[in-house]
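Each chain, letter by letter, is given below.
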Amino acid sequence: MASSKTVQKAKKTAEAAKSCNVTGCFKKWATRLVVLTILYFTFSWLDSIKDRWYVFDTDHLHDLAKAAIAASPDDTAGIIKHIVTNLTETYPSNQIRLNTHEEWVFNNAGGAMGSMYIIHASITEYLIIFGTPLGTEGHSGLHPADDYFHILTGEQWAFQPGALKMERYGPGDVHLMPRGIVKQYKMHKGCWALEYARGWIPLMLPFGFADTLTSTLDFPTFYNTARITAREMIGNLLIGKI
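Everything quoted here is computed from the prediction, not taken from an experiment.

Asks: Looking at this model, I keep getting lost on the packing of helix H4 (residues 205-216) against helix H5 (residues 219-238). Mind explaining?
Replies: Any two packed helices are characterised by how steeply their axes cross, that is the angle between the axes, and by the distance between the axes. The contact between H4 and H5 brings their axes to 9 Å, and the two run at 160 degrees. Considered as vectors, H4 and H5 are oriented roughly antiparallel to each other. Taken as a pair, H4 and H5 cross one another with a handedness that is left-handed. Touching Leu 205, Phe 209, Thr 212 and Leu 213 of H4 are Phe 219, Phe 222, Thr 225, Ala 226 and Thr 229, all from H5. Counted by class, the contact of H4 with H5 contains 6 nonpolar, 3 polar and no charged residues.

Here it is, written out as structure tokens:
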């Protein structure tokens, strides 16, 4: 008799524990769903207003690239100097932080390799000089930002899946890559560009670092790229530039 009562008591305890587990599991997943819903609507709202934090004007950058090419034809160093000088004269330092020191680092991304000079980096915008005297090609990457690639010297080719003819961009041209678009691209020998991206820049960084972590293992370059990017982003946040 005592044994029967013990068994029944054990069954009730097990059923109660099972009920608690189900209730606890339901509460856990309900909490996760609420958090995810809040995050989704928060990020959707932020995405809808991110243009409030853009400082650079795309038409001005295109005109600036063409003016720099005209002022220093076939002189990449002169073109870069013209661009940086104009930017520092146009945008006050209390509005946006610009890196006027030419800190060049290698960049391996999507199978392509070149070097870059980060002129500006913030949460919603970046502006760099990117290119190579040797030539390179690779995958553009899939990005949550619009990318404006202003060719300064040389030539770039590109194509999307299904395209049977290539796109060709030369000095003075701008290659616009709206967010979500992917292409194969090729930069020929001596091709340099002013690249401007606007969108959620931190989400682009994994693409920029992936080849280093999985292939080149060039950790000094990884460190310098991360250091410069973080310094510029934090510097811009400190003056209110998101």
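Following the structure, the description resumes.
Asks: It is not clear to me how the pairing of strand S2 (residues 112-121) should be interpreted in this structure. Could you clarify?
Replies: Every other side chain in a regular strand lies on the same face of the sheet, so the side chains alternate between the two faces. Of all the 10 residues making up S2, 9 are buried; the element is thus mostly covered by neighbouring parts of the structure. Two strands pair when backbone bridges link them, and strand S1 (residues 104-109) and S2 are joined in this way by 6 bridges, in the antiparallel orientation. Counted as the bridge partner of Ala 109 is Ala 112 from S2. Bridge count for S2 against strand S3 (residues 125-132) is 6 bridges, and the pairing is antiparallel. For Tyr 117, the partnering residue across the bridge sits in S3 and is Ile 129. Hairpin connection of S2 to S3: 3 residues between the antiparallel strands.

Asks: Mind showing me how you'd approach the sheet that holds S2 here?
Replies: Two modes of strand pairing occur in sheets, parallel and antiparallel, and in both the strands are linked by backbone hydrogen bonds. Taken together, 6 strands build an open sheet; the order of strands is S1-S2-S3-S10-S5-S8 and the sheet is antiparallel. Because the sheet does not close on itself, it has two edges, and the strands there are S1 and strand S8 (174-177). Averaged over all pairs of adjacent strands, the angle between their axes in this sheet comes to 30 degrees, without regard to strand direction. Relative to S8, strand S5 (residues 145-153) runs antiparallel, the two being bridged by 4 bridges. Its bridge partner lying in S8, Asp 147 is registered against Met 177.

Asks: Explanation requested: the side chain of Lys 241 in the structure shown.
Replies: Relative to the helices and strands, Lys 241 is located in the segment after H5. A relative accessible area of 3% means that Lys 241 is categorised as buried. Polar contacts involving the side chain of Lys 241 include one to the side chain of Ser 122, which spans 3.0 Å. Within the structure, the side chain of Lys 241 is placed 3.0 Å from the side chain of Glu 125, a separation counted as a polar contact. If we ignore the near neighbours within four places in the chain, the residues touching Lys 241 are Trp 53, Val 55, Gln 95, Ile 96, His 120, Ser 122, Thr 124, Glu 125 and Asn 236.

What counts and what doesn't
Residues numbered from 1 in each chain as written. Predicted model: local features only at pLDDT ≥ 70, side-chain atom pairs only at ≥ 80, totals over all residues. Heavy atoms only, no water. Axes fitted to C-alpha atoms, helices over the stretch in contact; angles between N-to-C directions. Helix = DSSP H or I, 4+ residues; strand = E, 2+ residues; numbered from the N terminus. Parallel < 35°, antiparallel > 145°, perpendicular 65-115°, else oblique. Left-handed = near helix turned anticlockwise from the far one by under 90°. Contact = heavy atoms within 4.5 Å. Nonpolar A, V, L, I, M, F, W, Y, C, P; charged D, E, K, R; others polar. Buried < 20%, exposed > 50% of the residue type's maximum accessible area, 1.4 Å probe, protein only. Pairing = 2+ DSSP bridges. Polar contact = N/O pair within 3.5 Å; in protein donor to acceptor, adjacent residues only side chain to side chain.

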